[in-house]
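# Secondary and tertiary structure notes
The chain contents come next:
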Amino acid sequence: MLNSQGQPIPGVTINADNLMFSDSNMQGITDDNGFYRIELAQVPATWRMTTRFSLEYNGKKLDIWLTADGDKSFAGSTGAIRNFTLKDVVGHIEINPDIWSFDPLEMTDFEITLTPVGPLVDGSAGKTITTRGCT
């Protein structure tokens, strides 16, 4: 597991999700180099790799969900190599005006600019984003 700069992220729990049996996942944890290995049960099933982990960012805990790069399921009898990269972290902003006091057409009459004040959650520098409102 790597961040967008190619640096390892240790201590992340990786899930092998058994697609045949509900709640029968197997797990591994990334080492100091971001590597993990999971010995899968030899059952006639298909597996999908996912992870959910927490990062501390600006004094707050963020929960992050990732699927494997090239997210493809595989048969347990053949095994597979699946990599995870923390990249393209995106979000959205919602502005919900009181529908009784604003004309919906007025909601397109504003512009918002977001300027990063430090590194983004993935460690990258980020960039200023300017956009107009939409309905």
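Provided above is the structure to which this section pertains.
The structure reproduced in this document is the subject of the present report. (Residues numbered from 1 in each chain as written. Predicted model: local features only at pLDDT ≥ 70, side-chain atom pairs only at ≥ 80, totals over all residues. Heavy atoms only, no water.)

Here we come to the packing of aromatic side chains. Taken as a whole, this structure holds one aromatic pair when the rule is applied. Ring centres 6.2 Å apart and planes at 55 degrees place the aromatic pair tyrosine 36 and phenylalanine 84 in the tilted group. In this pair, tyrosine 36 sits in the loop between strand 3 (26-29) and strand 4 (46-57) while phenylalanine 84 sits in the loop between strand 6 (74-75) and strand 7 (85-86), placing the two residues 48 residues apart along the sequence. Assessed through its relative accessible area of 22%, tyrosine 36 is described here as partly exposed. (Phe/Tyr/Trp six-rings, centres within 6.5 Å; stacked < 30°, edge-to-face > 60°. Helix = DSSP H or I, 4+ residues; strand = E, 2+ residues; numbered from the N terminus. Buried < 20%, exposed > 50% of the residue type's maximum accessible area, 1.4 Å probe, protein only.)

This brings us to the nonpolar core. Counting 19 residues, the largest nonpolar core has Met1, Ile14, Met49, Phe53, Ile64, Leu66 and Phe84 as its most contacted members. For this core, the secondary-structure elements that each account for two or more residues are strand 2 (13-18), strand 4 and strand 5 (60-67). In terms of residue count, strand 4 provides more of this core than any other element does, four residues in total. Excluding residues that lie within four positions of it along the chain, methionine 49 makes contacts with Ile14, Asn15, Ala16, Tyr36, Ile38, Thr67, Ala68, Asp71, Phe74, Arg82 and Phe84. (Core = buried A, V, L, I, M, F, W, Y, C linked by side-chain atoms within 4.5 Å. Contact = heavy atoms within 4.5 Å.)

A separate point is the side chain of asparagine 18. By the element assignment, asparagine 18 lies in strand 2. One polar contact links the side chain of asparagine 18 to the main-chain amide nitrogen of methionine 20, over a distance of 2.8 Å. Polar contacts involving the side chain of asparagine 18 include one to the main-chain amide nitrogen of phenylalanine 21, which spans 3.1 Å. When neighbours within four sequence positions are excluded, asparagine 18 is seen to be in contact with Ser24, Asn25, Val43, Ala45, Thr46 and Trp47. (Polar contact = N/O pair within 3.5 Å; in protein donor to acceptor, adjacent residues only side chain to side chain.)

All right, on to the layout of surface pockets then. Quantified by volume, the second largest pocket comes out at close to 490 Å³. Lining the second largest pocket are 22 residues, and of these Tyr36, Arg37, Ile38, Ala80 and Ile81 lie nearest its centre. Looking at the lining of the second largest pocket, its residues break down into 12 nonpolar, seven polar and three charged. (1 Å grid on protein atoms, 1.4 Å probe; cavity = no way out; pocket = protein on both sides within 12 Å on 5 of 7 lines; lining within 4 Å. Points joined across faces, edges and corners; volume = space filled by probe spheres on them. Nonpolar A, V, L, I, M, F, W, Y, C, P; charged D, E, K, R; others polar.)

Note that all results are geometric; they support no functional claim without further evidence.
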